[in-house]
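Remarks on the overall topology
Spelled out, the chains give:
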Amino acid sequence: MVVTAELPSNSRAPTTTLQGWRSFVTSVAPTIELPDPAELAAMVASEREHYDEQRISYHSELVIVETSTVRQITNQGRLLMMLNQREISARRGMVVSGPWASGKTTAIKLLGKTHELLIKRKYPDQDRIPVVYITTPPKGSPRKLASEFANFLGLPQRPRQNVTDIADAVCQVLTNAGTDLVIVDEIHNLNLATSAGEDMSDHLKYFTEHMPATFVYAGINVENSGLFTGLRGRQISARSVLMTTGPFPLTEEWDALVATLENGLRLHDHAPNTLTVQAQYLHHRTGGSISSLSHLIRQAAIMAILTGTEKIDRGLLGTINLDHAAETVSPRPRKS
């Protein structure tokens, strides 16, 4: 058995903290090579148990599939950062919108990771914070939004501290740290139809004007959620490129996505291309959702290890419970 990268810990700091984000950026996907049959047969019970635990951990993450949508979002984000280099105000941003579990967060996080690794290669001796990743607080307020930035940086906050003081401290730290990309996820939580949402939008605009960074937002169907309506919405719309995510059609790219995930499997009795020839069935089961596809294959792989079958076939796939959204689109036949 060969493990070429340390398997991830079961406990990870959230990427909404600087520690967690840096851990995500520097993480390397683990790889495991299957031992030959003789070496596998020679394992005592404790060794086999440890080996299977490692494979379960490996399959819980498997591989991150870089889709055409991820590449388009990454390329557009990098172009905007180049465009904004010498802008003093009115910098262009990007809004990533799509339905639930359509790869929005994966895409924007990979954009952030790509950019931060590039900056670290260019400035290896500088202690910079190239990227900030926060989520929009539900039922938020300007103070909650400012606190998200402060919490990412680990800045101390006093209970009675003025929200402007928090925001100014955040902007000063991030400007000094060379931050040039701010990612704000769950932007659909910002409801411009409420006074609280309007206040938070104004405060987010304050950050964009006091920080020399490109802002990237992501949320669920934001073009239909009111984010672009009204005076404030029109301001966001006029300064943002809209990128959309969604289900994948049954094309060669879908076949390639299935093949990529199948090639990452580490099961002893799984026949090559078993899943590839089931691409149409997998598309039907998942509704073309890459998130649901990953869930289905990863859970099936873990089940194959736990049950000792060491392979994924149509029968096993049919027993896997998927997310409710996928099961609603394509419900499985009820068992009699």
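Since the structure is predicted, the reported quantities are computational estimates derived from the model, not experimental observations. (Residues numbered from 1 in each chain as written. Predicted model: local features only at pLDDT ≥ 70, side-chain atom pairs only at ≥ 80, totals over all residues. Heavy atoms only, no water.)

This part is about the layout of surface pockets. Taking a probe equal in size to a water molecule and rolling it over the atoms shows the remaining empty space. Each pocket or cavity is described by its volume, and for the second largest pocket that value is around 430 Å³. Around the second largest pocket, the lining comprises 17 residues; the ones closest to its centre are Met 81, Met 82, Gln 85, His 115 and Asp 180. Of all the elements in the fold, those that place two or more residues in the lining of the second largest pocket are helix H4 (68–83) and helix H5 (104–122). Examining the composition of the lining of the second largest pocket, we find that four residues originate from one element, H5, more than from any other. Across the lining of the second largest pocket, the residue classes break down as seven nonpolar, four polar and six charged. (1 Å grid on protein atoms, 1.4 Å probe; cavity = no way out; pocket = protein on both sides within 12 Å on 5 of 7 lines; lining within 4 Å. Points joined across faces, edges and corners; volume = space filled by probe spheres on them. Helix = DSSP H or I, 4+ residues; strand = E, 2+ residues; numbered from the N terminus. Nonpolar A, V, L, I, M, F, W, Y, C, P; charged D, E, K, R; others polar.)

Moving on, we get to the side chain of Thr 136. With respect to the helices, strands and loops of the structure, Thr 136 is situated in the loop between strand E4 (131–135) and helix H6 (142–153). According to the relative accessible area criterion, Thr 136 is buried, its value standing at 3%. Here the side chain of Thr 136 touches Glu 186 through a polar contact of 3.4 Å, landing on its backbone oxygen. Excluding residues within four positions of it along the chain, Thr 136 makes contact with Val 184, Asp 185, Glu 186, Ile 187, Asn 189, Leu 190 and Met 200. (Buried < 20%, exposed > 50% of the residue type's maximum accessible area, 1.4 Å probe, protein only. Polar contact = N/O pair within 3.5 Å; in protein donor to acceptor, adjacent residues only side chain to side chain. Contact = heavy atoms within 4.5 Å.)

Tallied over the full model, the rule gives five aromatic pairs. Judged by centre distance (6.4 Å) and plane angle (80°), the ring pair of Tyr 206 and Phe 207 falls under edge-to-face. By relative accessible area, which is 23% here, Tyr 206 ends up partly exposed. Three or more aromatic residues joined by ring pairs make a cluster, and in this case those are Trp 21, Phe 24 and Tyr 133. Positioned over the ring face of Phe 24 is Lys 109, at 5.9 Å from the centre of the ring. The lysine or arginine in question, Arg 314, covers the ring of Tyr 281, its NZ or CZ lying 3.9 Å from the ring centre. (Phe/Tyr/Trp six-rings, centres within 6.5 Å; stacked < 30°, edge-to-face > 60°. Lys NZ or Arg CZ within 6 Å of the ring centre and 35° of its normal.)

Now for the nonpolar core. Of all hydrophobic cores here, the largest spans 53 residues; its most connected members are Phe 149, Phe 152, Phe 207 and Phe 215. Per-element tally for this core: the top contributor is H6, with six residues. Apart from the residues lying within four places of it in its own chain, the contact partners of Phe 215 are Gly 93, Met 94, Phe 149, Val 182, Val 184, Leu 204, Phe 207 and Thr 208. Grouped together as the second largest cluster of nonpolar side chains are 31 residues, Leu 261, Leu 267, Leu 282 and Ile 320 included. (Core = buried A, V, L, I, M, F, W, Y, C linked by side-chain atoms within 4.5 Å.)

A word on the sheet that holds strand E5 (residues 181–185). Strand order in the open sheet made by the five strands is E4-E5-E6-E3-E7, with parallel pairing throughout. Strand pairing shows two members of the sheet lacking a second neighbour, E4 and strand E7 (240–244), which therefore form its edges. Going across the sheet, the axis of each strand differs from the next one's by a mean of 15°, ignoring polarity. Where E4 and E5 come together, five bridges link them in parallel fashion. By the bridge assignment for E5, Tyr 133 is matched with Ile 183. Across the sheet, helix H8 (residues 195–210) lies against E5 and strand E6 (214–220), angled at about 150° from E6, the strand it touches most. (Pairing = 2+ DSSP bridges. Axes fitted to C-alpha atoms, helices over the stretch in contact; angles between N-to-C directions.)

Don't take any of this as a statement about function, it's just geometry.
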